[in-house]
Amino acid sequence: MNVRDILMRWRNRPRGSLLAQVSWLIIGVMLVSTISYGLWYEARIARTNRYATEEQAQTFARTLASAAAPALVTRDAGALESLLMNLRQFPHARQLAVFDPNGKPRAVVNLAESGATSLDYDLGVQTPPTDIAVKLMRVNDGQTGLIEVWAPVEIGVLAGWTRVRIDLQGEAQLRAVVWQQAVFSALLTTALTVLALYLFLRLRLKPVAQCAAFAERLASDPGATLEVNARSREVALLQTSLNDASLYLRQQYETINER
């Protein structure tokens with residue numbers, strides 16, 4: 001036996017029952033499709049959440065700028081600090097700050113992930129945007145870092161700036177939740193589909209097993225007929241063919257006996 005024959009025999013070898021093959025096929029298709037949908041849905045949710053976070057941060061920075069205008073005009077640092085402390089509950093905020101037109105801090109509040117709040121008196125002079133408009137920027141890698149929004153405080157002239165820094169950990173947590181839901185949905189859907197398919201095919205393939213058993217007895221009992229509950233056209237055709245073969249085989253035996 002040469003290598004070609006060995007390869008042909010390996011290629012044509014039995015590969016398990018039809019039920020097992022179909023089950024593995026369905027498992028693969030379901031997992032690939034569900035994971036692909038999970039990737040697409042995660043990207044969509046991430047974009048939507050990022051856009052919503054940026055919009056909320058810009059609106060909050062504008063609101064803070066409007067509220068800080070009177071205290072900036074009077075240079076009331078205590079009023080600015082009280083204002084920032086009152087607004088510290090903004091979701092995922094990490095720093096709220098008010099600056100003069102040149103970027104010198106007037107009041108700065110740092111917010112830790114644990115919820116602790118502290119006034120920052122050591123923050124040096126910052127560089128505000130060159131354009132007098134709301135400016136959104138990303139800090140670090142933009143994925144698990146921060147976004148910061150500068151908003152001008154205007155009272156006819158530029159009176160100062162407000163800056164809001166927002167942590168993007170909320171987005172990472174949302175992605176993790178989406179992935180958990182996608183994996184759970186994939187496993188549950190695949191399990192239910194395979195179970196339903198197993199029960200369905202087991203019922204539908206039972207007549208095929210009866211036809212196989214009838215074919216094995218055909219040589220010892222020519223002329224016998226097979227009666228099965230054929231619920232599909234293919235099984236009914238197989239039953240008719242086996243019955244025709246059994247009758248033909250009996251005729252051949254009778255002809256041989258007469259000769």
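Residues numbered from 1 in each chain as written. Predicted model: local features only at pLDDT ≥ 70, side-chain atom pairs only at ≥ 80, totals over all residues. Heavy atoms only, no water.

A closer look at the environment of I132
Reasoning step 1: Along the polypeptide, I132 turns up in the loop between β3 (117-119) and β4 (135-139).
Reasoning step 2: C-alpha separation for the pair I132 and V153, spaced 21 residues apart in sequence, amounts to 9.1 Å.
Reasoning step 3: The residues contacting I132, other than those within four sequence positions of it, are P152, E154, L158 and W161. (Helix = DSSP H or I, 4+ residues; strand = E, 2+ residues; numbered from the N terminus. Contact = heavy atoms within 4.5 Å.)

Quick word on a nonpolar patch on the surface
Reasoning step 1: Taken together, the side chains of Y37, W40 and Y41 make up a nonpolar region of the molecular surface, amounting to roughly 340 Å² of accessible area.
Reasoning step 2: Tracing the backbone through its elements, the reader meets Y37 in helix α2 (residues 18-74).
Reasoning step 3: Residue classification places Y37 among the partly exposed residues on the basis of a relative accessible area of 49%. (Patch = residues over 30% accessible without salt bridge, like charges linked within 9 Å, V, L, I, M, F, W, Y side chains within 5 Å. Areas by Shrake-Rupley, 256 points an atom, 1.4 Å probe, with all protein chains shown as cover. Salt bridge = Lys/Arg side-chain N within 4 Å of Asp/Glu carboxyl O. Buried < 20%, exposed > 50% of the residue type's maximum accessible area, 1.4 Å probe, protein only.)

Thoughts on the environment of K104
Reasoning step 1: By the secondary structure assignment, K104 is in the loop between β1 (93-99) and β2 (105-111).
Reasoning step 2: In this structure, the C-alpha to C-alpha distance between K104 and T127, residues 23 residues apart in sequence, is 8.7 Å.
Reasoning step 3: In contact with K104, other than residues within four places in its own chain, are V98, F99 and V125.

Describing the packing of aromatic side chains
Reasoning step 1: A complete count under the given rule lists three aromatic pairs for this structure.
Reasoning step 2: Summarising the aromatic geometry, the rings of W150 and W161 are spaced 6.2 Å apart at their centres and angled 80° between planes, so their arrangement reads as edge-to-face. Linking W150 in strand β5 (residues 146-154) with W161 in strand β6 (residues 158-167), this pair joins segments that are 11 residues apart in sequence. W161 carries the same exposure label as W150, and that label is buried.
Reasoning step 3: Three or more aromatic residues joined by ring pairs make a cluster, and in this case those are F99, W150 and W161. (Phe/Tyr/Trp six-rings, centres within 6.5 Å; stacked < 30°, edge-to-face > 60°.)

Quick notes on the nonpolar core
Reasoning step 1: L80, L84, L96, V164 and I166 are the most contacted members of the largest nonpolar core, which has 27 residues in total.
Reasoning step 2: Counting only elements with at least two residues in this core, the list comes to α2, α3 (77-86), β1, β2, β5 and β6.
Reasoning step 3: Those residues in contact with V164, other than ones at most four positions away along the chain, are F60, A61, L64, Q95, L96, I147, E148 and V149.
Reasoning step 4: Core analysis: the second largest hydrophobic core is formed by eight residues, C211, L218, L226 and L242 among them. (Core = buried A, V, L, I, M, F, W, Y, C linked by side-chain atoms within 4.5 Å.)

A few points about the sheet that holds β6
Remark on secondary structure: sheet strands pair via backbone hydrogen bonds, oriented parallel or antiparallel.
Reasoning step 1: Reading across from one edge, β3-β2-β1-β6-β5-β4 is the order of the six strands in this open sheet, with antiparallel pairing throughout. The open sheet has two free edges, formed respectively by β3 and β4, since each of these has just one partner strand. For this sheet, the mean angle separating the axes of adjacent strands, direction not counted, is 15°.
Reasoning step 2: Along the sheet, α3 contacts β1, β2 and β3; its crossing angle with β2, the most-contacted strand, is approximately 25°. (Pairing = 2+ DSSP bridges. Axes fitted to C-alpha atoms, helices over the stretch in contact; angles between N-to-C directions.)

Some thoughts on the environment of G145
Reasoning step 1: Relative to the assigned elements, G145 resides in the loop between β4 and β5.
Reasoning step 2: Judged by its relative accessible area of 3%, G145 falls in the buried class.
Reasoning step 3: Between the alpha carbons of G145 and L168 there is a distance of 5.8 Å; along the sequence they are 23 residues apart.

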